[in-house]
Number of protein chains: 2
Amino acid sequence: MQIKTDLLMNRDNYHSRIPEPALRRLPWYLSYVKLLKKQGYSKVSSTQIAKKINVSATQIAKDLSYVNVSGKTRVGYDIDRLIEVLDDFLGFKRMHTAVLFGVGSLGAALLSDSGLEQYGLKIRAGFDVDASIVGQKINNIPVFHSDEFVLRNKKIEAQIGVLTVPPDIAQEVADFMIEGGIEAIWNFTPFRIRVPEHIVLQNTSLYAHLAVMFNRLVKEE
Amino acid sequence: MQIKTDLLMNRDNYHSRIPEPALRRLPWYLSYVKLLKKQGYSKVSSTQIAKKINVSATQIAKDLSYVNVSGKTRVGYDIDRLIEVLDDFLGFKRMHTAVLFGVGSLGAALLSDSGLEQYGLKIRAGFDVDASIVGQKINNIPVFHSDEFVLRNKKIEAQIGVLTVPPDIAQEVADFMIEGGIEAIWNFTPFRIRVPEHIVLQNTSLYAHLAVMFNRLVKEE
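Residues numbered from 1 in each chain as written. Chains lettered and ligands numbered in written order. Predicted model: local features only at pLDDT ≥ 70, side-chain atom pairs only at ≥ 80, totals over all residues. Heavy atoms only, no water.

- You'll find chain A entered in an unreviewed UniProt entry as Redox-sensing transcriptional repressor Rex, with Petrimonas mucosa given as the organism.
- In the Sequence similarities (unreviewed entry) part of its UniProt record, chain A is described as follows: "Belongs to the transcriptional regulatory Rex family." (UniProt positions renumbered as here; feature names shortened; annotations may be inferred.)

Given below as structure tokens:
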């Protein structure tokens, strides 16, 4: 019954219904069905996806029930339709405007990564206080002085702020971004910043992932 | 009683005892106590850390019980000691040798990010099949043809392989890395690769994180 209710609610406001773990699995399915398409397939069942990915067929069918696509018994999902719907649902087809704070080593690397654009993230400007980098361009993206952010963002209208500053100023810079109109922060620092409830926060700590990997390696030895 | 047992086991083999969620929180504490040190503090209690980070003081004390450090009642933890022990436990102070497969946009960006080295990851070489990049250097790291990997890795002896190839060849390249002696794979592709049980796998899908952020932004609107 719970599932039925969820599906009914989906129709009106399907974006708000999907739990985060399901949402995180959708890009795996998308990636796999894109591969199948490349290999010439046109249909796929949840059982086939399950064979390749460590998720049960039932779970996959349930996850896919959150997006606006339905499989046919004994035929499965239409691959083209599934790719289209997943790309759209995940937001990869709409361009989201972002700015980046902290054009250090990681920040500059992210500015150089044109791949993000293919997934719907367009970084329009970098901000830093270091005179040696302010005024430069990286991958054709201008780097401005942080003091100019509020003014510049009136024109850029970025919704998303990528945070790659040193951890000890992460909170301060996050507050500053929010004041300037940022609605979502992608935090790459290992610092646990706090944001008001209406602000979206996504933590991606590469260093925490490194630590887990190092720790597991020691265990294996 | 459970905690007591864990502590006793810690003494012999503390690396294998810590659950992943606790392990993932340790870098947050490290980052915060480093900030406190910079601000001139020398002692910190779990209650103080809890005030800054969305984790309860009890949980923090429990997490820290996995590492070889103990706080004193009414005084707290010695900050210098805590930094030293956490840096060591998380593996950030030992250099881990890595290679990277797929010197595309994200791969090249990661090679350029010297910050990883500060956290114990030294990427010694990139591998690709694209003639326009093979033979180049990025951030002084040489890029070799993938065919040379097995031979090159006899000298490099990399334990860790960073995977930034296109998703449709992710599995194939992962298998190839493992054949060449790689023990841990840091998978940045959205593809769910499968590895033998003795291989450490860490998935970091920036695109999945983007999708979660985009989805939450839509919800807020």
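## A few points about the pairing of strand S8 (residues 184-187) of chain A
Residues and elements named next belong to chain A.
- Where burial is concerned, the two faces of S8 agree: the one with Ala184 and Trp186 and the one with Ile185 and Asn187 are both buried.
- Both strand S7 (residues 160-163) and S8 contribute to a ladder of four bridges, which runs parallel. Bridge pairing in S8 links Val162 to Trp186.
- Pairing of S8 with strand S9 (residues 200-203) involves four bridges; the strand directions are parallel. Bridging across to S9, Trp186 finds its partner in Gln202. (Buried < 20%, exposed > 50% of the residue type's maximum accessible area, 1.4 Å probe, protein only. Helix = DSSP H or I, 4+ residues; strand = E, 2+ residues; numbered from the N terminus. Pairing = 2+ DSSP bridges.)

## Quick notes on the UniProt feature "binding site: NAD(+)" (unreviewed entry) in chain A
Residue and element names in this part refer to chain A.
- Per the UniProt entry, the sites bearing "binding site: NAD(+)" (unreviewed entry) are Gly102, Val103, Gly104, Ser105, Leu106 and Gly107 in this numbering.
- Here Gly102 is to be found in the loop between strand S3 (96-101) and helix H6 (105-112).
- The class for Gly102 is buried, based on a relative accessible area of 8%.
- Apart from residues lying up to four places away in sequence, Gly102 is in contact with Gly107, Phe127, Asp128, Thr164 and Val165.
- When neighbours within four sequence positions are excluded, Val103 is seen to be in contact with Ala108, Leu111, Gly126, Phe127, Asp128, Ile133, Ile138 and Val143. (Contact = heavy atoms within 4.5 Å.)

## Remarks on the side chain of Thr204 of chain A
- Relative to the assigned elements, Thr204 of chain A resides in the loop between S9 and helix H10 (206-220).
- Classification of Thr204 of chain A by relative accessible area gives buried; the value is 0%.
- One polar contact links Thr204 of chain A to Trp186 of chain A, side chain to side chain, over a distance of 2.7 Å.
- Contacts of Thr204 of chain A, omitting those with residues within four sequence positions, involve Trp186, Asn187 and Phe188 of chain A together with Leu206 and His209 of chain B. (Polar contact = N/O pair within 3.5 Å; in protein donor to acceptor, adjacent residues only side chain to side chain.)

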